[in-house]
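Residues per chain are reported as follows:
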Amino acid sequence: RLLGQYYTPKPVVRLMWFLVRDVLKKTKNRDLFQKGKPLLDILDPAYGSGTFLYEAILHINQSAVGKSITKDGKVWSFIKERDINSIIENHLYGFEINPLSKSIADVNIFFGLIQAYGNNTLNEMPVQHLNIFRTNSLELDVNQNVEEQTASLFPFMADDLKYSLEEKKEIL
């Protein structure tokens, strides 16, 4: 907590994912996983121990196979399809400044992927890369060009960061 880090409890994160899925169903008429549709990109700008993305994997698995999530956070069925368009880890993004937290989170994400796909499927098409980066996603230099700093970010995040930088300039 010295660095201002707080880890959201799993039950709270799980509830948040159920709420997100409910909103997706009501507003976009879809779930996290839908056969024939691309997976949604999911960004966690303060990755911490990886709980939000781990739970995202759990909910994608539940959405794909139609089985319930147990009280201990398991879905007792594997996603059978692992083609180039439905690789979960290609749609998960996380940023974390703390190297120890990031390392722990990376392990958590690998365990989540093993639980979602099973060992046999991962042997056929192993995890090649995680879009998890050790960086401070919340710190941008107010003296640099905002467009250059936000060009590689998701469009919705870039707009928010531009606004935040303008506010920061006014305060300074």
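Residues numbered from 1 in each chain as written. Predicted model: local features only at pLDDT ≥ 70, side-chain atom pairs only at ≥ 80, totals over all residues. Heavy atoms only, no water.

**Side note on the pairing of strand β2 (residues 92-96)**
Taken across its five residues, β2 has four buried, putting it largely inside the fold. In this sheet, β2 lies alongside strand β1 (residues 42-44) in parallel orientation, the contact comprising three bridges. Bridged to D44 within β2 is G94. In this fold, β1 hands off to helix α2 (residues 51-65), which returns the chain to β2; that crossover is right-handed. Sheet topology places β2 next to strand β3 (residues 131-134); four bridges connect them, and they run parallel. Looking across to β3, one finds that Y93 is bridged to N131. (Buried < 20%, exposed > 50% of the residue type's maximum accessible area, 1.4 Å probe, protein only. Helix = DSSP H or I, 4+ residues; strand = E, 2+ residues; numbered from the N terminus. Pairing = 2+ DSSP bridges. Right-handed = clockwise from strand over helix to strand, strands pointing away.)

**Notes on the packing of helix α1 (residues 10-27) against α2**
The geometry of α1 relative to α2 is characterised by a closest axis approach of 10 Å and an angle of 50° between their N-to-C directions. Of the possible angle classes, the one that applies to α1 and α2 is oblique. For the pair α1 and α2, the crossing hand works out as right-handed. Note on element contacts: α2 touches α1 through T51, F52, Y54, E55, A56, L58, H59, Q62 and S63, opposite K10, V13, R14, M16, W17, F18 and R21. Looking at side-chain class alone, the contact of α1 with α2 contains eight nonpolar, four polar and four charged residues. (Axes fitted to C-alpha atoms, helices over the stretch in contact; angles between N-to-C directions. Parallel < 35°, antiparallel > 145°, perpendicular 65-115°, else oblique. Left-handed = near helix turned anticlockwise from the far one by under 90°. Contact = heavy atoms within 4.5 Å. Nonpolar A, V, L, I, M, F, W, Y, C, P; charged D, E, K, R; others polar.)

**Considering the side chain of H59**
Locating H59 in the fold gives a position in helix α2. Looking at H59, its side chain comes within polar contact range of the side chain of R21, at 3.0 Å. When near neighbours in sequence (up to four residues on either side) are disregarded, H59 contacts R14, W17, F18, R21, L32 and I69. (Polar contact = N/O pair within 3.5 Å; in protein donor to acceptor, adjacent residues only side chain to side chain.)

**Quick look at the nonpolar core**
Counting residues in hydrophobic clusters, the biggest one holds 24 residues, and the most contacted among them are I60, I88 and I109. Broken down by secondary-structure element, the contributors of at least two residues to this core are α1, α2 and α3 (99-124). No other element matches α3, which puts six residues into this core. Not counting residues within four places of it along the chain, the set of residues in contact with I88 comprises L39, I57, I60, I79, L113, A116 and Y117. (Core = buried A, V, L, I, M, F, W, Y, C linked by side-chain atoms within 4.5 Å.)

**Comments concerning the packing of aromatic side chains**
Under the criterion given, the structure shown has one aromatic pair. Ring geometry for F95 against F133: centres 6.2 Å apart, planes inclined by 40°, an arrangement best described as tilted. Of this pair, F95 sits in strand β2 while F133 sits in strand β3, placing them 38 residues apart in sequence. For F95, a relative accessible area of 12% gives the class buried. (Phe/Tyr/Trp six-rings, centres within 6.5 Å; stacked < 30°, edge-to-face > 60°.)

That's the geometry; what it means functionally is another story.
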